[in-house]
Amino acid sequence: MKCKEIEKWISDLMDGELSERKRKEVEDHLQECPLCRVYQEKLERIQTTVKEVDSGRVAPDYWEEFPSRIKDRISSLKPRQRERSPFAWGWKWAWVGAALILVVFMGLYLIHFQPRAEQEVYVFSFEDALAQVFQEIGENSELAALFNTVILASIEETLGEIEREIVPGWEGWSFPEEELTEEELIQLDSEIKKEIKS
Amino acid sequence: MEELPDDSLVRMAKKGSPDAFAELVRRYQKKIYSTIFQFARNHHDTDDLAQETFMNAYQSLQKFRQKANFYTWLYRIAMNTTMNFLRKKHREKGREELKEDRLPSGESKFSSSSPEYQSQKKEFKEKLKEAVDSLPLAYQATFVLIAYQDLTHGQAAEVLHCSEKTVSWRMHMARKVLQNKLDPYF
């Protein structure tokens, strides 16, 4: 078991989100690896200190008055401002009508213009997704280095599980990136896209 | 009113009861305030953002379908409001590099038996705050929700609109960055 993988599991363990099997592996590893033990101690120190950091204490009066302040602001709103939704009753029928027209047109299109040509195949662009990620990371070299480490560890973790399930005991087996399955690439792509959106 | 569950209060507030909404505010004001404070770091901005969060929640209440918990939905509004504020603030300030007044590395500077224990503890807290503030926003948000507010990965995923796996990786990366930045102060 590699330390990089264990570091990720230590983080999950601290959040109470680690499976029993992995928990056991972490415990066994920690007994043998002083570096990971130090890493765990440092994370625990951070966690303890987080709880002591100022969470913005204010006078008790503040909490008593706060709900009233919100109530006052609500009552000062004009009736139209009380609901921000564009789906207010006045507009609702217009939206429903527009949706119906759209459905009818789409139905007609599908009946009369059913595509006869070969369907376009979606080409998964792993390079584009990565380029976007690197753009997001920008000049933050620390984050870039960490991203590389994490992606590698993520692939290793997934492959480790596959290895255990399908080819138990195949020690030292490595899985080149270009041999990832389409499903794995799509999963990786969706994770990257989520990161970019967030 | 105090004994009613969130769901009932939400239904009453949707029908126009300001008292029901005020009770929801009373229930969650401290959690929302302390979460926002971890980003804003001052009372003035935190107060503004907390008010904004509850006003946004009130004005969007009709859209809340009550499939998720009210507090998860409220956290999401708080995070969006705070993130928008911080992005605007960062744009105004420009991208500033975090000042790193690193101490020389070597033997551990932190020992409970040391006479400098209190001042070192205070320094560590300050450095931790700085390090958390320097995290990319998505990582900071995840870290605050889980490490400060004790949300589970599942709850944080709901608030942040991402998968639990993403939350788990973000926590790992955030901790690794914090550990690196704080390394000279352990």
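Residues numbered from 1 in each chain as written. Chains lettered and ligands numbered in written order. Predicted model: local features only at pLDDT ≥ 70, side-chain atom pairs only at ≥ 80, totals over all residues. Heavy atoms only, no water.

A.B. asks: Can you walk me through the overall build of chain B in this structure?
C.D. replies: Regarding its fold elements, chain B presents 8 helices and 0 strands. Going residue by residue from the N terminus, the α and β elements of chain B occur as α-α-α-α-α-α-α-α. Per-residue burial over chain B gives 54% buried out of 186 residues. Taking the contacts inside chain B whose residues are at least 6 apart along the sequence as the reference set, 62% of them involve residues at least 24 apart. Here chain B has roughly 9100 Å² of accessible surface; of this, 46% comes from carbon and sulfur atoms. (Helix = DSSP H or I, 4+ residues; strand = E, 2+ residues; numbered from the N terminus. Buried < 20%, exposed > 50% of the residue type's maximum accessible area, 1.4 Å probe, protein only. Contact = heavy atoms within 4.5 Å. Areas by Shrake-Rupley, 256 points an atom, 1.4 Å probe, with all protein chains shown as cover.)

A.B. asks: Would you mind showing me how to read the pattern of salt bridges here?
C.D. replies: Opposite charge on two side chains lets them pair, provided their charged atoms get close. Under the counting rule described, the total for this entry stands at 19 salt bridges over all chains. Between D15(A) and R175(B) there is a salt bridge, with the nearest N and O atoms lying 2.8 Å from each other. On the criterion of chain membership, the pair formed by D15(A) in the loop between helix 1 (3-14) and helix 2 (20-32) and R175(B) in helix 8 (residues 164-182) is interchain, its members lying in two chains. Residues D15(A) and R175(B) agree in their burial class; the two are buried. (Salt bridge = Lys/Arg side-chain N within 4 Å of Asp/Glu carboxyl O.)

A.B. asks: Sorry, what's going on with the interface of chain A and chain B here?
C.D. replies: Across the contact, 50 residues belong to chain A and 63 residues belong to chain B. At the boundary of chain A with chain B, total buried surface from both sides reaches about 5600 Å², with 59% on carbon and sulfur atoms. Scanning the region where chain A abuts chain B turns up 17 residue pairs in polar contact (both at pLDDT 80 or more). At the level of secondary structure, the elements contributing two or more residues to the side of chain A that touches chain B comprise helix 1, helix 3 (34-52), helix 4 (60-75), helix 7 (141-166) and helix 8 (182-197) of chain A. Partitioning the side of chain A that touches chain B into residue classes produces 19 nonpolar, 10 polar and 21 charged. (Buried area = accessible area lost by both parts, 1.4 Å probe. Polar contact = N/O pair within 3.5 Å; in protein donor to acceptor, adjacent residues only side chain to side chain. Nonpolar A, V, L, I, M, F, W, Y, C, P; charged D, E, K, R; others polar.)

A.B. asks: Explain the nonpolar core to me, please; I cannot follow it from the model alone.
C.D. replies: Residues I46(A), F21(B), F54(B), F70(B) and F143(B) are the most contacted members of the largest nonpolar core, which totals 89 residues. Sorting elements by how many residues they give to this core places helix 2 (residues 18-40) of chain B first, with 11 residues. Here F21(B) is in contact with I70(A), I74(A), A13(B), F54(B), A57(B), Y58(B) and L61(B), once residues within four sequence places are set aside. (Core = buried A, V, L, I, M, F, W, Y, C linked by side-chain atoms within 4.5 Å.)

A.B. asks: Mind showing me how you'd approach helix 7 (residues 153-160) of chain B here?
C.D. replies: Within the span of helix 7 of chain B, buried status applies to H153(B), A156(B), A157(B), V159(B) and L160(B). Down the axis, helix 7 of chain B shows its buried residues gathered within 165° of arc, on one side only. On its buried face, helix 7 of chain B is in contact with helix 1 of chain A together with helix 4 (70-93), helix 6 (137-148) and helix 8 of chain B. One or two positions beyond helix 7 of chain B, positive phi appears at H161(B), with a value near 55°. (Arc of directions from axis to C-beta.)

A.B. asks: Is there a simple way to think about the side chain of K176(B) in this case?
C.D. replies: Within the secondary structure layout, K176(B) lies in helix 8. With near-sequence residues (within four places) excluded, K176(B) lies in contact with E7(A), Y39(A) and L146(A).

A.B. asks: Even after reading the chapter, I still don't get the side chain of D45(B), so can you show me in this structure?
C.D. replies: All names here are of chain B. Here D45 is to be found in helix 3 (residues 43-60). The exposure class assigned to D45 is buried, which follows from its relative accessible area of 14%. Filtering out sequence-adjacent residues up to four positions away, D45 remains in contact with A40, F85 and K89.

A.B. asks: Explain the confidence of the model for chain B to me, please; I cannot follow it from the model alone.
C.D. replies: Residue and element names in this part refer to chain B. Per-residue confidence for chain B averages 87 on the pLDDT scale, and 88% of its residues sit at or above 70. Least confident of the elements in chain B is helix 5 (residues 117-133), whose mean pLDDT is 88; most confident is helix 3, at 96. Here residues 97-111 is a poorly scored stretch, pLDDT under 50, and it has 27 contacts once near neighbours within four places are set aside; other chains count. The ipTM assigned to the predicted complex is 0.80, against a pTM of 0.65. (pLDDT = per-residue confidence, 0-100.)

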